[in-house]
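If you want the building blocks of each chain, they are given just below.
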Amino acid sequence: MMKQSAFLSKPDTITALLGGILFLILSPQLAQAERALRTNGFITATFSQVDSEVPFMGGLNDEINFSQGSLIGLQTTFQPSEDPIEFVVQLLALGKEQWEVDAEWAYVAYRPTDAWELKLGRYRIPFFHVSEFLHVGIAYPWVRPPEEIHFVPFTALNGASVKRSGHFGDLEMAVQMYSGELKDLNTQIAGLTLTTDRFESHGIVLSAETDSTNVRASFHKIQKIGITINSLAAANPNLDFASLLAFASSQGLNPGDFEDVDAITFSVLHRRDNFEFRGEWAEEDFNENAPLPDAYAYYVMLGYYMGNFMPHLTYSAYDTKEKGLANLGQESIIAGLRVNVNPAVAVKVEVGQMRLDDAVGTVGFYDTLPSSITGTAILDEEVNIFNASINMVF
């Protein structure tokens, strides 16, 4: 789980940007001009439970959990009249982060024409199809998007993005390039706490869309991560690293520094009559001897609209290409129902089952390293889950 310094705690870049927005709103020159100031918000309240005593998927277990997927967000947009500049701030509070308020978005957008958009500041990393609206649950059919694809522990970064879009007949196409940095990453993967002061992410996104179909491909390079075996040991004082390295040696591994990740994604969304199909593929290649192995993940979903009801079925999987300190391989089947109460409110329920790969050292998305390292109880190969949520926009 990524920890970021709250934007109100110190005069960093985000607070400076917020102060700039406040100055513009109160500026005497702008006070006499027509202004467009819009505020909207979104809320998700969730209920989740799995049939495992060992924590799974970031803290779920056999006790009722109301906070893991619950959140509230407020977004304010300010645009001076007839001005190509727009200021956007999105404040987000997550239940799993003890409802700390952070600036998920805080950027300036410049649109000299309808075809060009430049963003400077803090914005959403465009990894996946739902990245731009990941926290707006009413925008997709699931209680939470498939974890096998979307478990990346960070969603925003500070930097610049440029996007060029255009129409070719009925086809709308776009190219987006971005570059930025993220500071103070603190997250857990398979029971390992990963911490780093700063790293960079760069990428390009290509998309094409018609009235019924959206196709998207993206390419990303994350570098200068700077997580070493020594930093892992320091961040995990309760872990017996001698046992961990002995296990790695028995598997023919020589874990080293965690510096770079190359990733690609490809997604398709298609709606025809009452049917909706979604599919996405992601592949990640770590630098040689990184603690985690190269892997790929994917999901396919089929849904059918029946008035305000949409039953859907999703299959997803995460597979590793080689051995690593922890094999996260697992597959999932989720059956769900979405009910549109009105255009601003949706209710969702899901039941599903996750099944671990049968390779040595497999932990799937359990919040622990293999029992051969930790000495904990043997993990169940199958985990059943129940999710429910209410999503609202206002």
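Per chain, residues are indexed from 1 in the order of the written sequence. Local features are withheld for residues below a pLDDT of 70 in this predicted model, meaning they are given only at 70 or higher, and side-chain atom pairs are given and counted only at 80 or more; totals for whole chains, interfaces and linings count all residues. The basis for every side-chain value is the complete set of heavy atoms in the structure, and neither hydrogens nor water enter the calculation.

Caption draft 1: Structural detail: the nonpolar core. Residue types Ala, Val, Leu, Ile, Met, Phe, Trp, Tyr and Cys, when buried and joined through side-chain atoms within 4.5 Å, form a set referred to as a nonpolar core. Categorising residues by exposure relies on relative accessible area from a 1.4 Å probe, with only protein chains included: less than 20% of the type maximum marks a residue as buried, more than 50% marks it as exposed, and the intermediate range marks it as partly exposed. Within the largest apolar cluster, 53 residues are counted, with the highest numbers of intra-cluster contacts made by F56, F154 and F258. Contributing elements (two or more residues each) for this core: β4 (101-110), β7 (171-189), β8 (192-209), β11 (275-286), β12 (295-304), β13 (309-320), β15 (345-356) and β16 (382-393). Residues F42, L71, L94 and V136 belong to the second largest nonpolar core, which totals seven residues. Only runs of H or I of at least four residues qualify as helices and only runs of E of at least two qualify as strands under DSSP, and these elements are numbered from the N terminus.

Caption draft 2: Structural detail: the packing of aromatic side chains. Within 6.5 Å between ring centres, the rings of Phe, Tyr and Trp (the latter by its six-membered ring) count as paired, and their orientation is classed by plane angle as stacked under 30 degrees, edge-to-face over 60, tilted in between. If you walk through the whole model with that rule in mind, you get 17 aromatic pairs. When the ring of F56 is compared with that of Y366, the centres are 4.9 Å apart and the planes differ by 85°; the resulting orientation is edge-to-face. Placement of F56 in the loop between β1 (35-50) and β2 (71-80) and of Y366 in the loop between β15 and α6 (371-374) is noted, with a sequence separation of 310 residues between them. Residue Y366 is classed as buried on the basis of its relative accessible area of 1%. Here a set of aromatic residues connected by ring pairs shows up, and it is made of F127, F128, F154 and F199.

Caption draft 3: Structural detail: the environment of G95. For G95, the position within the fold is in the loop between β3 (85-94) and β4. The class of G95 is buried, set by a relative accessible area of 8%. The sequence separation of G95 and L71 amounts to 24 residues, and the corresponding C-alpha distance is 5.7 Å.

Caption draft 4: Geometry of the pairing of β7. Two strands pair when backbone bridges link them, and strand β6 (residues 156-168) and β7 are joined in this way by 11 bridges, in the antiparallel orientation. Bridge pairing in β7 links F168 to L171. What makes two strands pair is DSSP finding at least two bridges between them. A loop of two residues connects β6 with β7, the two strands running antiparallel in sequence, and G169 in this loop sits at a positive phi of about 70°. For β7 and β8, the ladder comprises 17 bridges, and the chain directions are antiparallel. Paired with S179 across the strands is H202, a residue of β8.

Caption draft 5: The arrangement of the confidence of the model for the protein in detail. Summary of the metric used: pLDDT quantifies the predictor's per-residue confidence within the range 0 to 100. The share of residues in the protein with pLDDT of 70 or more is 80%, and the mean pLDDT across the chain is 85. Every residue in residues 1-11 scores below 50 in pLDDT, and together they form 37 contacts with partners more than four places removed in sequence or on other chains. Between two residues, a contact is recorded if the distance between any of their heavy atoms is within 4.5 Å.

Caption draft 6: The arrangement of the side chain of Q75 in detail. Along the polypeptide, Q75 turns up in strand β2. Ignoring any residue separated from it by four or fewer positions in sequence, one finds Q75 in contact with R38, T39, N40, V88, V89, Q90 and W105.

Caption draft 7: Focus on the environment of K119. Within the fold, K119 resides in strand β5 (residues 116-124). Its relative accessible area of 9% is what places K119 among the buried residues. Counting along the chain gives 44 residues from K119 to K163, while the straight-line C-alpha distance between them is 8.6 Å. Among residues more than four places away in sequence, those in contact with K119 are Y107, V108, A109, E132, G159, A160 and S161.

Caption draft 8: Quick look at the side chain of R144. With respect to the helices, strands and loops of the structure, R144 is situated in the loop between β5 and α3 (147-150). Using a relative accessible area of 14% as the deciding quantity, one classes R144 as buried. Polar contacts, as used here, are pairs of N or O atoms within 3.5 Å; protein pairs need one atom able to donate a hydrogen and one able to accept it. Residues neighboring in sequence count only if both atoms are side-chain atoms. For R144, the side chain forms a polar contact with the side chain of S48, separated by 3.5 Å. A polar side-chain atom of R144 sits 3.1 Å from a polar atom in the side chain of N387.

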